[in-house]
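# Descriptive structure summary
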Amino acid sequence: MKRVYSFGNGVAEGAGLGKETLGGKGAGLAEMTALGIPVPPGFTIETSVCADVSRGASLDGIRPEVESALVKLEHDADKHFGDPENPLLVSVRSGARSSMPGMMDTILNLGLTSRTVKGLAARSGDRFAFDCRRRFLEMYGDVVLRVPRHEFEKAMKEVKKARGVSSDADLSAADLAEIVRRDEQIVRQRTGHDFPDDPREQLWGAIGAVFRSWENERAKTYRKLHHIPDDWGTAVSVQAMVFGNRGETSATGVAFTRDPASGERKFYGEFLPNAQGEDVVAGLRTPRPLNADGSGLSLEETMPRAYADLQLVRERLEKRFRDMQDLEFTIEEDKLYLLQTRNGKRTGFAAVRIATDMVDEGLIDAEEAVARVEPEQLVQLLAPIFDGKEKDAAVKQGRLLGKGLPAGPGAACGRIALTAERAVAMAGKGEPVVLVREETSPEDIAGMHAAAGILTTRGGATSHAAVVARGMGRTCIVGAGEITVDHAHKEIRSKSLKAAEGDWISIDGTTGEVLIGKLSTRPSEVLQVTIEGTIKPEDSAVHRAFTRILEWADARRRLGVRANADTPNDARIARLFGAEGIGLCRTEHMFFEARRIVAVREMILAETLAERRAALAKILPMQREDFLGIFREMGDRPVTIRLLDPPLHEFLPHDDDTMQKTATELGVSIEKIRERTHALKETNPMLGHRGCRLGITNPEIYEMQVRAIFEAAAAAMREGLHPNPEIMIPLVGARGEFERLRVLVEDSAKKVIAEAGLEIPYKVGTMIEVPRAALRANRIALNCDFFSFGTNDLTQMTYGYSRDDVGTFLPVYIAEGILPEDPFSSLDQYGVGELVAIGTRRGREVKPKLKVGICGEHGGDPRSIEFFNHVGLDYVSCSPFRVPVARLAAARASLAEKNVGTSSTA
Ligand code: PEP
Ligand code: MG
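Residues numbered from 1 in each chain as written. Chains lettered and ligands numbered in written order. Predicted model: local features only at pLDDT ≥ 70, side-chain atom pairs only at ≥ 80, totals over all residues. Heavy atoms only, no water.

Within the protein, the regular secondary structure consists of 36 helices and 32 strands. Here the protein has a C-alpha radius of gyration of 32 Å; the compact-globule value for 906 residues is 29 Å, and the two agree. Summarising its shape, the C-alpha atoms of the protein cover approximately 105 × 60 × 55 Å along the three principal directions. Burial analysis of the protein (906 residues in total) assigns 55% to the buried set. Partitioning the intrachain contacts of the protein with sequence separation of at least 6 by distance along the chain shows that 68% fall at a separation of at least 24. With an accessible surface of roughly 37,000 Å², the protein has 51% of that area assigned to carbon and sulfur atoms. On the protein, the mean spot of the 120 positive side-chain charges and the mean spot of the 131 negative ones are 1 Å from each other. (Helix = DSSP H or I, 4+ residues; strand = E, 2+ residues; numbered from the N terminus. Rg over C-alpha atoms; globule rule 2.2 N^0.38 Å. Buried < 20%, exposed > 50% of the residue type's maximum accessible area, 1.4 Å probe, protein only. Contact = heavy atoms within 4.5 Å. Areas by Shrake-Rupley, 256 points an atom, 1.4 Å probe, with all protein chains shown as cover. Lys, Arg positive; Asp, Glu negative; His and termini not counted. Charge placed at Lys NZ, Arg CZ, Asp CG, Glu CD.)

This is the structure in structure tokens:
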């Protein structure tokens, strides 16, 4: 069985085998070779060998194949391994199926021994040879022999100091020879052996180490974060070295075939003359541009021949791979070599632009364009932005307070508020606010909602703040550990900077930077076109690309996409983003507004039914207005309205001040409020007196809400609209609960319909959000028009803890392998997902046409959407800003089911 594939001189044994077998790098090298692009010869050991090595197998099984590939490589390179006259030097590199930048190990200049270094010196000069030997000793010493790298760095520093030079470039050949001597000494001391002086021993040491680097901690963490399976393994490519550090006609560089930030169709990249690849990455010298820019320093101007060759390569690669490529090249004495090509990483802007441009250029079709854009990338297109120049200037002025994890993309600036109450109060005065907390909890929701941005100093990407911010579409940074919140002094601090509550800060949720002061922001271009109407569609290339991708997506998806929206404004945004209806209108959110909350509290504190009805009568017209506004926005699209869900204590004040104020407003004693709040309080997970239970004990609340809905629907019909309300009962766990409330809804609806003298079509359904409901779905469905899975509560109850706990123990759980990943961040198939599948199947057993949707957070999560598509749901519902994400994800789910490849650029 063949496991080692040679490439060189225009012939590649592995051409067409692809990344699965050869890894990204190996596949790229094989394809480029087959295309006739200049690539130094070499061979690739396939990924399956890595899996064997991980299981403890020795490399003996591939020895004969590697030996014969080496003979071929010597022939193609016209150099010999270990030959003192004409030595072959190689690089040994990792390359997994999907790129894992910098996670695994690489060794360059392998083959340099005490003998061959002399041969290299005779051909290319002493300085060059000793510099290569030094680099090799350091890399090999670190990666294979596990000698701490800083020991080599120390030796180099000492020699530089003794010679009085500061730059590597100023070291003479003799200095470098001295460093080599010291490095060899370090290896001897550290390992008890001489540095291996046999090139074959070096080679096998390197191959083994690169395979083993698949299992290092960095690589494992990266795989976990990017959902790369552990058993994929890495390939290893061994390739003849070419040298970009052979004087001024040599160079090394990187290039993108299109601009990875904007997607513009222009060559983009940089290079360093007289340097090796690592020098570009190390950032010690400032790289120069590829394209002529009048500076006289560009590649185009300084090495026009190599530049022209590179342009040809660019065109051929794009034709072959039909995607934007990210290249590494080396120029050795004016001759161009390609060392790597892969699909380039890109911003969301570039992703949509490149995909649509490539359709126009005939390189790909619309279906492939849809598969090329990651749904999450669209979020970037909607986020507000800072002015780049202004931000750079602020950093230069030393206004960078710290950095955290970017958890909600976009730009936000506002005055610092250290508590949710302050945030609400300040926002109430029309001031933009950034809420800064150590971490957030559900009590902070109102403050988070009021804030333009959220910053926490603790917690990770799955913390409460991150999850909630994502749902709200808020700009958010979490875990900015250098910043401390000092509540006593009402300020935040980092090493040298501080800012007080009320001062301005600016946070960039795309990069994680926190800056002191006010930077100007503006809505994204797409938003300016779609929602604000301040830019005309024809004037925005980004918007055009965005809409085309979504139109292509819509034509290919089976799942419907609705939005969770509680206000007419949210409904409007949802509609403009293409929502086909509302999947969840949480009516309680309408209760919180300052004017209304008083009436709501009055209702809760009422002693008699008559008092309660009187309070409800005040709320009715307000809810009716909201519903009418939503119907006006949505026209004949379905609107699912959920009757009151949370326990009543959530509407009562929590702190003494508000309690006192409420007591005065309502003319009752503060003790009464305290006592009632306490009596009603539910703790997480909240299962008791709420949702349908509350509807059964206090039917007058639901009666009022149903009346408000149907009066609004009647009003909408009189305006010539065709509203399509769907009444949803929350938290049902037993058929009896649903049946009882269905009757209540129908009776209340009938009354209003009779009063109005109109035919108002409607549906009555339920949320499936407690595990029992999923299991009893075949009973609940009997008399039910639709199901909508509430995966928020379902997740909480399936796991037995709530999202509020996420910041505290979940990261530990995941790190220690108790859970494979955050159950709240994506729907796992063997827990909540299983309940969704069971609930859907059992419901449809008794009612084959039962309409089934999902309205929990997972409705906007691309990986969960793929699962919902698979189990046959009818639609997903997500927050308005995630509607485009869901439309695209739903299309990609359909395409994946048809087995069209999805993007490899993720
Ligand atoms: C749910 O539980 O998934 C849901 C949508 O309801 P809420 O988040 O309001 O509990
Ligand atoms: Mg719920």
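Another point: the site of ligand 1. Surrounding ligand 1, one finds Leu-584, Arg-586, Arg-642, Met-767, Glu-769, Gly-790, Thr-791, Asn-792, Asp-793, Cys-855 and Gly-856. Isolated, ligand 1 exposes 290 Å² of accessible area, and the fraction of that covered by the protein chains is 88%. Among the elements of the structure, strand S26 (582–586) and helix H32 (791–799) are those that each provide at least two residues to the shell around ligand 1. A per-element tally of the shell around ligand 1 places H32 first, with 3 residues. (Near = heavy atom within 4 Å.)

Reading across from one edge, S9-S8-S7-S10-S11 is the order of the 5 strands in this open sheet, with antiparallel pairing throughout. Across the chains shown, the open sheet's two edge strands, defined by having one partner strand only, are strand S9 (288–289) and strand S11 (335–343). One ladder, built from 6 bridges, connects strand S7 (residues 251–256) with strand S10 (residues 325–332); its direction is antiparallel. Bridge pairing in S10 places Ala-251 opposite Ile-331. Lying over the sheet, helix H12 (residues 304–321) contacts S10 and S11, oriented at roughly 30° with respect to S11. (Pairing = 2+ DSSP bridges. Axes fitted to C-alpha atoms, helices over the stretch in contact; angles between N-to-C directions.)

Time to look at a negative patch on the surface. A surface patch of like charges, here negative, comprises Glu-421, Glu-443, Asp-655 and Asp-657. Note that Asp-655 resides in the loop between strand S27 (638–642) and helix H25 (656–666). (Patch = residues over 30% accessible without salt bridge, like charges linked within 9 Å, V, L, I, M, F, W, Y side chains within 5 Å. Salt bridge = Lys/Arg side-chain N within 4 Å of Asp/Glu carboxyl O.)

Below, the discussion takes up the pattern of salt bridges. For the structure on display, the rule yields 71 salt bridges. For Lys-72, the salt bridge is made with Asp-76, and the minimal N-O distance between the two is 3.0 Å. On the criterion of helical spacing, the pair formed by Lys-72 and Asp-76 is a turn pair, its members being 4 residues apart in helix H3 (residues 63–77). Glu-361 is the partner of Arg-258 in a salt bridge, and the nearest nitrogen-oxygen pair spans 2.6 Å. Of this pair, Arg-258 sits in the loop between S7 and strand S8 (268–273) while Glu-361 sits in the loop between helix H13 (348–360) and helix H14 (366–372), and the two are 103 residues apart along the sequence. With a relative accessible area of 0%, Arg-258 lands in the buried category. Residues joined by salt bridges that share partners form a network here, namely Arg-322, Asp-323, Arg-346, Glu-368 and Arg-372.

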